[in-house]
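Descriptive analysis of the structure
Spelled out, the chains give:
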Amino acid sequence: MLKKLLKYDLKSINIVLIVFYLLSIFFSLLTRIFLNIDNSFICNVIGQICNGTMIAMMFNIIINNMIRLWVRFKQNFYGDESYLTHTLPIPKKTLYLSKFITSVITLLISFIVIVISLFIAHYSKENIELVKNLLMPLATIYESTTISIIISFVFILFLEILNMLQSGYLGIVLGHKKNNLKMVYTFVFGFITYLMTQIFALAVVFISALFN
């Protein structure tokens, strides 16, 4: 049953996100083409416009990913589809597990598409060397490599967004326990939950820093 839930959840989310995926890759290709045409002011301008559009598509991917997941969660548990959801002969933990796994998968796909778009648009030996030179001081401080720093940054960003999603889910659950102003309480509880997780993370880092 979990596989079927995942199938429907992923289909519902990705049917919208795939448009932004394709647009991001499309404009990354245009950026690559136009910015690599030398001695052409018009092509350079078009390339910069395509690059800006590609970046906008990247932000749209993340934002729409989160909004679609929250809307799907609310519809399934508290909207018109809630009656069918709650009558399914499966434990509630399986329903929530499906939402969590869907969040991880769609967010992972979104990150992969963003990385591919950036790679298509801007990969070159010169840009790689530029990134290495920018991150080398940080890598030296932490006795690491530039690749490790980049991977760590992407992984932390992934966890941050996933944490925001989970905070939103909890906000929806707590908000809909109220009789009135459910959406207002949803935003309040979601924000408080996210704020508490950030304070906890900072506290852990601070305590670790005292010993290292």
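Refer to the structure printed above.
All values reported here derive from a predicted model rather than from experimental measurement. (Residues numbered from 1 in each chain as written. Predicted model: local features only at pLDDT ≥ 70, side-chain atom pairs only at ≥ 80, totals over all residues. Heavy atoms only, no water.)

Some points on the overall build of the chain
Each helix and strand counted, the chain has seven helices and zero strands in total. When the helices and strands of the chain are placed in sequence order, the string is α-α-α-α-α-α-α. Its C-alpha atoms give the chain a radius of gyration of 21 Å, more than 25% over the compact-globule value 17 Å for 212 residues. The C-alpha extent of the chain, read off along each of the three principal axes, is 65 × 50 × 35 Å. Here the chain holds 212 residues, and the buried ones make up 31% of them. Long-range pairs, those at least 24 residues apart, make up 71% of the contacts in the chain between residues at least 6 apart in sequence. Taken together, the 16 basic and 8 acidic charged side chains of the chain have centroids lying 18 Å from each other. (Helix = DSSP H or I, 4+ residues; strand = E, 2+ residues; numbered from the N terminus. Rg over C-alpha atoms; globule rule 2.2 N^0.38 Å. Buried < 20%, exposed > 50% of the residue type's maximum accessible area, 1.4 Å probe, protein only. Contact = heavy atoms within 4.5 Å. Lys, Arg positive; Asp, Glu negative; His and termini not counted. Charge placed at Lys NZ, Arg CZ, Asp CG, Glu CD.)

A closer look at the pattern of salt bridges
In the structure shown here, the tally under the stated rule is two salt bridges. Note that D9 and R72 form a salt bridge whose closest N and O atoms lie 2.9 Å from each other. Residue D9 is found in helix 1 (residues 2–35), and its partner R72 is found in helix 2 (residues 41–78); the two are separated by 63 residues along the sequence. Each member of the pair, D9 as well as R72, is classed as buried. Each of D9, R72 and K99 takes part in one network of salt bridges that share partners. (Salt bridge = Lys/Arg side-chain N within 4 Å of Asp/Glu carboxyl O.)

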